[in-house]
Amino acid sequence: VLNRDDGSERHSRDVIKWFDTIFDSAVAGMKRGSDSSIHGSLMTFGVMLLNGQYLSPKLPTVYDFVLENRHRRDANIRKSVLDLIPKLANYRPRYFIQNHMPICLKYVMKKCYSNSERGEAFLALGKISISVGELISPYIPDIMPLLQRALQRKYFCRQALLCISMLARATPNTMFHKLDSEMPLLLENMFSDGLVPRLIESLREIIDLYAKTFASL
């Protein structure tokens, strides 16, 4: 008769074996090289990142696959890459910061100019900022022009509003000073699409940012 500890160990081994099978299948899909197999494998990595620490020792392999395929022509693959980068940043923030943050941010920020992918790019940028906090501050001088452009009527992107609110949460000190100097133009552009729910949420984040920052002075 198995005791509870033996049953738990067997269950853990079974789970690890199951994850191994899934991961090996995803790797095989990446190596097949077709757009559909790569897309499916990237989606599999994304789901696995949400399930515990199994992928921790395999992160270098996952990053290699993601970054190697970031310039593929297939739109589904590029959008999967934009979805995966913030998930990777959130999974192991320190590993991301130490090994991959510059190249990932450069890619995501470039995609903020893309007509077809800028929505996903701004969401990715905001989510990354939540994971790394104030360490994204050196990049904010380059991020602000992207936001200003994305809030102009001609280029308006609603996801940029969410990016602003996430940046405000992630880097309150840095954003406070940036918003203080650039707020008039930023606010004017933020209303380009009317008083939509995402604008209200972003304004709430900015107001909270000012209130908390003034309270700490």
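A brief report on the enclosed structure follows. These numbers come from a predicted model, not from an experiment.

### Remarks on the overall build of the protein chain
Counting its regular elements, the protein chain contains eleven helices and zero strands. Beginning at the N terminus, the succession of helices and strands in the protein chain can be written as α-α-α-α-α-α-α-α-α-α-α. Of all 217 residues assigned to the protein chain, the portion counted as buried reaches 47%. In the protein chain, 71% of the contacts between residues at least 6 apart in sequence involve partners at least 24 apart. Of the roughly 11,600 Å² of accessible surface on the protein chain, 53% is carried by carbon and sulfur atoms.

### Regarding the pattern of salt bridges
Counted according to the given criterion, the structure contains five salt bridges. Residue Asp35 pairs with Arg72 through a salt bridge whose shortest N-O separation is 2.6 Å. With Asp35 in helix α2 (residues 35-48) and Arg72 in the loop between α3 (59-68) and α4 (75-91), this residue pair connects regions lying 37 residues apart in the sequence. Residue Glu117 is joined to Arg78 by a salt bridge in which the shortest nitrogen-to-oxygen separation is 2.3 Å. Taken as a pair, Glu117 in the loop between α6 (101-111) and α7 (118-132) and Arg78 in helix α4 lie far apart in primary sequence, 39 residues in all. A relative accessible area of 1% means that Glu117 is categorised as buried. Of the residues examined, Arg78 reaches a relative accessible area of 14% and is grouped as buried.

### Structural notes on the packing of aromatic side chains
Enumeration over the complete set of coordinates arrives at five aromatic pairs. Centre to centre, the rings of Phe45 and Phe65 are 6.2 Å apart; their planes meet at 15 degrees, and the pair counts as stacked. Taken together, the residues span a long stretch of sequence, with Phe45 in helix α2 and Phe65 in helix α3 at a distance of 20 residues. Residue classification places Phe45 among the buried positions, given a relative accessible area of 0%. The buried category is assigned to Phe65, whose relative accessible area is 12%.

### Thoughts on the side chain of Ser129
Mapped onto the elements, Ser129 comes out in helix α7. There is a polar contact of 2.5 Å between the side chain of Ser129 and the backbone oxygen of Gly126. Sequence-distant contacts of Ser129, defined by excluding residues within four places in its chain, comprise Ile136, Met166, Leu167 and Ala170.

### Looking at α4
The terminal C-alpha atoms of α4, which comprises 17 residues, lie 24 Å apart, in line with the 24 Å expected from a rise of 1.5 Å per residue. Among the residues of α4, those classed as buried are Ile77, Arg78, Ser80, Val81, Leu82, Leu84, Ile85, Pro86, Leu88, Ala89 and Tyr91. The inward-facing, buried residues of α4 abut α2, α3, α5 (93-99), α6 and α7. For α4, the N-terminal cap is Asp74; the gap from its side-chain oxygen to the backbone nitrogen of Asn76 is 3.1 Å.

Reading the values: rules and limits
- Residues numbered from 1 in each chain as written.
- Predicted model: local features only at pLDDT ≥ 70, side-chain atom pairs only at ≥ 80, totals over all residues.
- Heavy atoms only, no water.
- Helix = DSSP H or I, 4+ residues; strand = E, 2+ residues; numbered from the N terminus.
- Buried < 20%, exposed > 50% of the residue type's maximum accessible area, 1.4 Å probe, protein only.
- Contact = heavy atoms within 4.5 Å.
- Areas by Shrake-Rupley, 256 points an atom, 1.4 Å probe, with all protein chains shown as cover.
- Salt bridge = Lys/Arg side-chain N within 4 Å of Asp/Glu carboxyl O.
- Phe/Tyr/Trp six-rings, centres within 6.5 Å; stacked < 30°, edge-to-face > 60°.
- Polar contact = N/O pair within 3.5 Å; in protein donor to acceptor, adjacent residues only side chain to side chain.
- Expected span 1.5 Å × (residues − 1).

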